[in-house]
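As a plain string of letters, each chain reads:
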Amino acid sequence: MRLQTDVLIIGSGAAGMYAALEAARHGARVMLVDRSLIGRGGATVMAQMTVAVALGEEQPDHWEHHLADTLKAGRELCDPALSRLLCEEAPACIREMDAWGVGWARKSGHISQVQAPGHDRPRCVYVDFVNTGPAVSKTLRARLQRTAEVQRTGDLLVTELALRDGACVGAYAVHTATGESIPIAAKTTIIATGGLTRIYARNSASINMGGDGYALALRAGAELIDMEFVQFFPIGHLAPRLVGMDPIMWDPFRYKLGGRLLNAEMREFLQEDGRYVAARDHATYAILKEVAEGRGSPHGGAWLSFQHCSERELRAAFGPVIDRLAANGIDLTRAPIEVAPIAHYHMGGIRVDAEMRTSVPQLFAAGEAVGGANGANRLSGNAITEAFVFGRRAGLRAAGLAGNTPMPVPASARAPAARRPELNPAAEIARLQAVVNQHVGPLRSRAGLARALDYLNALGAACAQLPAPHGSVDAEWLDLHDLRNMRLVAECATRAALERTESRGAHQRDDFPDMDPAWRVHQKLRLAADGLRLER
Ligand SMILES: Cc1cc2nc3c(=O)[nH]c(=O)nc-3n(C[C@H](O)[C@H](O)[C@H](O)COP(=O)(O)OP(=O)(O)OC[C@H]3O[C@@H](n4cnc5c(N)ncnc54)[C@H](O)[C@@H]3O)c2cc1C
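This one's a predicted model, so the numbers in the text were calculated from it and none came from an experiment.

A. Layout of the sheet that holds strand β16 (residues 349–350). Strand order in this open sheet of four strands is β16-β11-β20-β21, and the pairing throughout is antiparallel. Strands at the two margins of the open sheet, each flanked by one partner only, are β16 and β21 (531–535). As paired elements, strand β11 (residues 224–225) and β16 share two bridges and run antiparallel to each other. In the strand pairing of β16, Leu 224 is matched with Ile 350.

So this is what it looks like as structure tokens:
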């Protein structure tokens, strides 16, 4: 089978779906593919909280105030054009989502906006009862169902971009149900594959967030930027076991109810006076410090207590969520839960300009896959906004360029590669995650980063080739695919972190604890014939 389209979009989170709608609105035939089910495979559907936008519904606001807060959080490393685009175009996207029926929570007729850490005023919209991501995803899926120009195909795993004379002319995908290799010819292509947080053992990621898009872009000749900046969410759920709920769901609880972060001595170690004011990076280091000094909770994190709240207050704030917690054996009025920092979002990614063009002609990127808009640290709520705004811009520009580009000749199916390497890919993924978590986590040092790099280099040769699947894609082949890409993007993050001899935003070095003005520079990575090249 060979497929042809004007615009190929890889990944169907908020960025991919918004891009598809926008490209179709501008006259393009679009193919939206995902390795999972459409709209259900990545971070968007898992997000349950807030979306930052200067709507001014709660208090007067302007996108320039949102931009000022975004730049401040990014610690002098935001790409100003991308940050501006994010903040300036956010209101239009949020209002469009409102018109499409997403159901932003309202109070006395106006859209509710809450204040989140790092924002100077109430700026974050949400869908109530921790439903934001599912509602966003459902709204975009419903719009797509009514958009005939968009062909949606799940279970198509893109393994490589197709190139001709240095330009991107589509991609090679594997149909996971049959193992068939399917070339897709496209006039323009958008990578919207989300982030890389699955490379960490403690993460909020789905299985599809191992950084495929970064690996695809690198191998096609595109540049990555700021790969060292991974955001850790300080209060990810640690214990007791929690099934079927967002591991970062304690954030909205803290917005509404305050909550107290306690160490093993049941003492509050962040001076917040029962409010939720500490920025994510500060809270992360404070928890890690308690653990390092022997005052962590039993599973190696901190206690989070809502015992000051009555059952009535909890139900008024979170309704059905309280029942879902009860089904997990959690009663917040009786006992605290355990939380710990988990890898949550990636500020770095594919380098694009403000039109979402990568350095490879006819190749665009959008959403979390893009680096630069949030600099060295991201404000809460900016990620879904980024997915909407960058998706919309990429869809518009990719459709425009496709209108002036001839249809490329469809590529042939890929020839099978070498035989499978002799390693157990599932076990190796677990090992990689443990190494990256330990040495490329929230607190880094030269010795640890160098150890991680040695391990990743040694693994390199073993995962150089991806063999063709024999028949349907089995779990082992999928693990091999993921391992190969996770190794490459882990190497990018490690190399960039080792090089950056300072602490800035989400990148904290034990051995270089201060921010260094000389390091007010971005690091770019590209793949040369003999390996990764890092430039400032
Ligand atoms: C648990 C959780 C909660 C969050 N909460 C919030 C929040 O409240 N507010 C906020 O602003 N941000 C939040 N974030 C971050 C935010 O959700 C993401 O940054 C954003 O949704 C990313 O959207 P995206 O479209 O770029 O990528 P995603 O939604 O991750 O979608 C990427 C898609 O690409 C597909 N894909 C990947 N590789 C391939 C391949 N090789 N071939 C084909 N398809 C592929 C995946 O299956 C997936 O469907 C949260 C993140 C998580 C994980």
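B. Here's a closer look at the site of the ligand. Near the ligand, the surroundings consist of 38 residues, among which Asp 34, Thr 44, Thr 50, Asp 212 and Glu 368 are the closest. Gly 42 is positioned with one of its backbone polar atoms (N or O) 3.3 Å from an oxygen atom of the ligand. Here Gly 381 contributes a backbone N or O atom positioned 3.2 Å from an oxygen atom of the ligand. In the complex, the protein chains occlude 99% of the 1000 Å² of accessible area that the ligand would expose alone. A per-element tally of the shell around the ligand places helix α10 (residues 382–402) first, with four residues. Grouping the amino acids of the shell around the ligand by side-chain chemistry returns 16 nonpolar, 16 polar and six charged.

C. Quick peek at the sheet that holds strand β15 (residues 337–346). Spatial ordering of the open sheet is given by β12-β15-β14-β13, a layout of four strands whose pairing is antiparallel. On the outer flanks of this sheet lie β12 (230–239) and β13 (260–262), each paired with one strand and no other. Pairwise comparison of adjacent strand axes, ignoring direction, gives a mean angle of 45° for this sheet. Judged from the three bridges that link them, β13 and strand β14 (residues 302–305) form a sheet pairing that is antiparallel. Residue pairing in the sheet places Leu 261 in a bridge with Leu 304 of β14. In this fold helix α6 (residues 250–257) packs onto β12, β13, β14 and β15, with an angle of close to 85° to the strand it touches most, β12.

What counts as what
- Residues numbered from 1 in each chain as written.
- Predicted model: local features only at pLDDT ≥ 70, side-chain atom pairs only at ≥ 80, totals over all residues.
- Heavy atoms only, no water.
- Pairing = 2+ DSSP bridges.
- Helix = DSSP H or I, 4+ residues; strand = E, 2+ residues; numbered from the N terminus.
- Near = heavy atom within 4 Å.
- Polar contact = N/O pair within 3.5 Å; in protein donor to acceptor, adjacent residues only side chain to side chain.
- Areas by Shrake-Rupley, 256 points an atom, 1.4 Å probe, with all protein chains shown as cover.
- Nonpolar A, V, L, I, M, F, W, Y, C, P; charged D, E, K, R; others polar.
- Axes fitted to C-alpha atoms, helices over the stretch in contact; angles between N-to-C directions.
- Contact = heavy atoms within 4.5 Å.

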